[in-house]
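Chains, contacts and geometry: an overview
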2 protein chains.
Amino acid sequence: MSQPPSPAVTPAPPYYAVIFTSIRNEGDQGYADMATRMVELARTQPGFLGVESVRDGLGITVSYWRDLEAIQAWKENAFHREAQARAGDWYARFRVRVCKVEREYGF
Amino acid sequence: MSQPPSPAVTPAPPYYAVIFTSIRNEGDQGYADMATRMVELARTQPGFLGVESVRDGLGITVSYWRDLEAIQAWKENAFHREAQARAGDWYARFRVRVCKVEREYGF
């Protein structure tokens, strides 16, 4: 992923987070290109607020969204659906968790 | 962190997630020991459900909890408070997001 390594800057809660946790399969099978394209595409979607992504064995990508409607629209995006259909090529395991962010703090 | 790299196994939603996103300072200053101890300690807390943690420049640690009371009790844990008080020694930036997990799927 090409974003600078920084926590996402998000508005005051409430908003939504999608926590995508995954273990990759062996080999690339087009994964790196897809991952880059999906982050670029997500950034252009209505209601997208930010993304944080790290992989070191385990991969964790958290994307932030204005509301559930924005998440649903992204899930149904045609290019995203193509990627979802190939999940079995890229991941040995994954979990997707859709969450409502209720509180945020830090420095 | 010493847990095997795998998505956490969590019960059916709803439950809670704490997304901790951070950028480290230069130097260790006791960070590695603290991080290991905090994960070990978190695992023993009532209502703890699991944890996923990756760092590669950006660090993302997601801990999962039964309810907000369990998160509050962990936040107030004496050893955890000592670590929180030293956050400025270890982190250049961090965000903590407390979230209600509403949906989960995957394979």
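See the structure shown above.
In this report, we go over the structure that sits alongside the text. (Residues numbered from 1 in each chain as written. Chains lettered and ligands numbered in written order. Predicted model: local features only at pLDDT ≥ 70, side-chain atom pairs only at ≥ 80, totals over all residues.)

Quick look at the overall build of chain A
Applicable threshold: Numbering of helices and strands runs from the N terminus, with a helix taken as a DSSP run of H or I at least four residues long and a strand as a DSSP run of E at least two residues long. Our radius of gyration is a C-alpha quantity, and the globule rule it is checked against amounts to 2.2 Å times the number of residues to the power 0.38. Counting other C-beta atoms within 10 Å of its own, a residue is labelled buried from 20 upward, exposed at 12 or fewer, and partly exposed in the gap between, with every C-beta atom placed from the backbone. A residue pair is marked as a contact if its C-beta atoms, positioned from the backbone, fall within 7 Å.
Within chain A, the secondary structure is distributed over four helices and four strands. Its helices and strands taken in sequence order, chain A reads β-α-β-β-α-α-α-β from the N to the C terminus. The C-alpha radius of gyration of chain A comes to 14 Å, within 12% of the 13 Å expected for a compact globule of 107 residues. With the C-alpha coordinates aligned to their principal axes, the bounding extent of chain A is approximately 40 × 30 × 20 Å. The buried share of chain A, taken over its 107 residues, is 24%. Once local pairs closer than 6 in sequence are excluded, the contacts in chain A between residues at least 24 apart make up 77%.

Remarks on the interface of chain B and chain A
For interface size, the figure often reported is the accessible area lost on association. Defined as follows: Asp, Glu, Lys and Arg are counted as charged, while Ala, Val, Leu, Ile, Met, Phe, Trp, Tyr, Cys and Pro are counted as nonpolar; the rest, among them Gly, fall into the polar class. What makes two strands pair is DSSP finding at least two bridges between them.
Each partner contributes to the interface: chain B provides 31 residues, whereas chain A provides 31 residues. Those elements that provide at least two residues to the side of chain B that touches chain A are β1 (15–24), β2 (48–56), β3 (58–65) and β4 (91–106) of chain B. A per-class count over the side of chain B that touches chain A returns 16 nonpolar, five polar and ten charged. Sheet topology note: the strand β4 (residues 91–106) of chain A/β4(B) ladder contains eleven bridges and is antiparallel. In the strand pairing of β4(B), Glu104(A) is matched with Arg97(B).

Side note on the relation of the copies chain B and chain A
Convention followed: Superposition of the copies was done by least squares, using only C-alpha atoms of residues whose pLDDT is at least 70 in both.
It takes a turn of 180° to lay chain B on chain A, together with a shift of 0.0 Å along the axis; the resulting RMSD is 0.0 Å. What the rotation and shift describe, once combined, is the action of a two-fold rotation axis. The share of interface residues of chain B whose copies in chain A are also at the interface is 100%, consistent with both copies meeting through the same surface.

Quick look at the pairing of strand β2 (residues 48–56) of chain A
Where β2(A) meets strand β3 (residues 58–65) of chain A, eight bridges bridge the pair, whose relative direction is antiparallel. Following the sheet pairing, Gly50(A) is matched in β3(A) by Tyr64(A).

Regarding the sheet that holds β3(A)
Selection rule: Angular values range over 0 to 180 degrees, each being the angle between N-to-C directions of two axes fitted as lines to C-alpha atoms, with helices fitted over their stretch in contact.
The strand order across the open sheet built from eight strands is β2(A)-β3(A)-β1(A)-β4(A)-β4(B)-β1(B)-β3(B)-β2(B), with neighbouring strands paired in antiparallel fashion. Both outer strands of the open sheet, β2 of chain A together with β2 of chain B, are each paired with one neighbouring strand and no more. The average undirected angle you get between the axes of adjacent strands in this sheet is 25°. Together, β1, β2 and β3 of chain B form the strand contacts of helix α1 (residues 31–43) of chain B, whose direction differs from that of β2(B) by roughly 160°. Across the sheet, helix α2 (residues 68–76) of chain B is in contact with β1, β2, β3 and β4 of chain B; its angle to β1(B) comes to roughly 35°.

Digging into the packing of helix α1 (residues 31–43) of chain A against helix α3 (residues 78–85) of chain A
Residues and elements named next belong to chain A. Short version of the rule: Here a crossing is called left-handed whenever its near helix is offset anticlockwise from the far helix by less than a right angle, and right-handed whenever the offset is clockwise.
In the contact formed by α1 and α3, the axes pass within 11 Å of each other and the chain directions differ by 150°. Judged by the twist between their axes, the crossing of α1 over α3 is left-handed. Between α1 and α3, the residues in contact are Met34, Met38 and Leu41 and Phe79, His80 and Ala83, respectively. Across the contact of α1 with α3, the residue classes break down as five nonpolar, one polar and no charged.

A few points about unusual backbone geometry
Residues and elements named next belong to chain A. The amide bond that connects Pro13 to the next residue, Pro14, takes the cis arrangement and shows omega of 5°. At Gln29, a residue that is not glycine, the phi angle is positive and equals roughly 50°. Along the chain, Gln29 turns up in the loop between β1 (15–24) and α1.

Overview of the nonpolar core
Short version of the rule: In plain words, the nonpolar core is the set of buried Ala, Val, Leu, Ile, Met, Phe, Trp, Tyr and Cys residues that C-beta atoms within 7 Å link up.
By size, the foremost hydrophobic cluster in this structure holds 28 residues, and its most contacted members are Tyr16(A), Ala17(A), Cys99(A), Tyr16(B), Ala17(B) and Cys99(B). If you list the elements that add at least two residues to this core, you get β1, β3 and β4 of chain A together with β1, β3 and β4 of chain B. Discounting residues that sit within four places of it in the chain, Ala17(B) has contacts with Ile19(A), Arg97(A), Cys99(A), Val62(B), Tyr64(B), Cys99(B) and Val101(B).

A closer look at the environment of Arg97(B)
Along the chain, the position of Arg97(B) falls in strand β4. Along the chain, Arg97(B) and Phe20(B) lie 77 residues apart, while their C-alpha atoms are 6.5 Å from each other. If near-sequence neighbours (up to four positions away) are discounted, Arg97(B) is found in contact with Ala17(A), Val101(A), Glu104(A) and Ile19(B).

Remarks on the pairing of β4(A)
Note that β1(A) and β4(A) share ten bridges and pair antiparallel. Bridging across to β4(A), Tyr16(A) finds its partner in Lys100(A).

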